[in-house]
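Overview (structure and organization)
What follows is each chain in one-letter form.
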Amino acid sequence: MKDINPLLLFICLSVIILITPARQGMAGERPLSIIYAGEGIGNIMLGHRIEDVIKNLGWGNPEEMRKDEKKGEYHLIYKAEGVSFIFQAGKKTLGESTLQKVHITSPAFITAGKGVRVGDKGVDINKSVSSQQSLTMQNSMGECTDDDKEKDKRVVVCKGIRFIINKENDVILAIEVFSPYQKQ
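Heads up: these notes are all about the structure in this document. (Residues numbered from 1 in each chain as written. Predicted model: local features only at pLDDT ≥ 70, side-chain atom pairs only at ≥ 80, totals over all residues. Heavy atoms only, no water.)

Our focus in this paragraph is the environment of serine 179. Tracing the chain through its elements places serine 179 in the segment after β12 (172-178). Measuring from C-alpha to C-alpha, the distance between serine 179 and methionine 45 comes to 9.9 Å, with 134 residues separating the pair along the chain. (Helix = DSSP H or I, 4+ residues; strand = E, 2+ residues; numbered from the N terminus.)

Written out as structure tokens, the structure is:
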């Protein structure tokens, strides 16, 4: 058998890599690093119970757990990953609580469809929402509103997702995912 030309082998392998989906796992599996407006991150969905979130994450126990009596919330904080999970408290125990919001401060996570992450310029949100390639995402997020009430932060709220932006340098500080149907 004749030796395969190394250039031809390189080209064939490159084509295979490019056409293969980036991550294939079990059916329905979503990469954890993807933020889905109004749904959650990866397979961690709003409405999941705390034990399901911890189990599905695979990060072990959070570095910090606290209850915010004023807001009626439990917070599970994974500082190293830059993610906090907020569960409703009310009269429920921590184990009975369901996930209400995900607060992300790490650039390791990126929004589905829009490709926006913590550290991007705030103007990127509006550019990507109006781009043709993210039309599906724009339709699912609806119209975004800009809340400019805080002194040092600007908040852009869309259907199911909130971007917290530093007013001074226009950089996204955090992204929050919440149910578009819950009262904010």
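This part is about the nonpolar core. Within the largest apolar cluster, 30 residues are counted, with the highest numbers of intra-cluster contacts made by Ile35, Ile41, Phe85, Phe87, Leu99, Val102 and Phe163. Secondary structure elements with two or more residues in this core: α2 (50-57), β5 (73-78), β6 (83-88), β7 (99-104), β10 (153-158), β11 (161-166) and β12. Setting aside anything within four residues of it in sequence, one finds phenylalanine 87 in contact with His48, Arg49, Ile50, Val53, Gly72, Glu73, Tyr74, Leu76, Ser97, Thr98, Leu99 and Gln100. (Core = buried A, V, L, I, M, F, W, Y, C linked by side-chain atoms within 4.5 Å. Buried < 20%, exposed > 50% of the residue type's maximum accessible area, 1.4 Å probe, protein only. Contact = heavy atoms within 4.5 Å.)

This part takes up α2. Ile50, Val53 and Leu57 are the residues of α2 that are buried. For α2, the angular spread of the buried residues around the axis is 65°, confining them to a single face. Where α2 is buried, its residues contact β3 (44-45), β4 (64-68), β5, β6 and β7. (Arc of directions from axis to C-beta.)

Across all of its chains, the model carries one disulfide by this definition. Each sulfur of the disulfide joining cysteine 144 and cysteine 158 lies 2.0 Å from the other. Its S-S torsion of about 105° marks the bond between cysteine 144 and cysteine 158 as right-handed, since a negative value means left-handed. Of the two residues, cysteine 144 is situated in the loop between α4 (135-141) and β9 (145-147) and cysteine 158 in strand β10; the sequence distance between them amounts to 14 residues. Looking at cysteine 144, the relative accessible area reads 22%, which means it is partly exposed. (Disulfide = S-S within 2.5 Å.)

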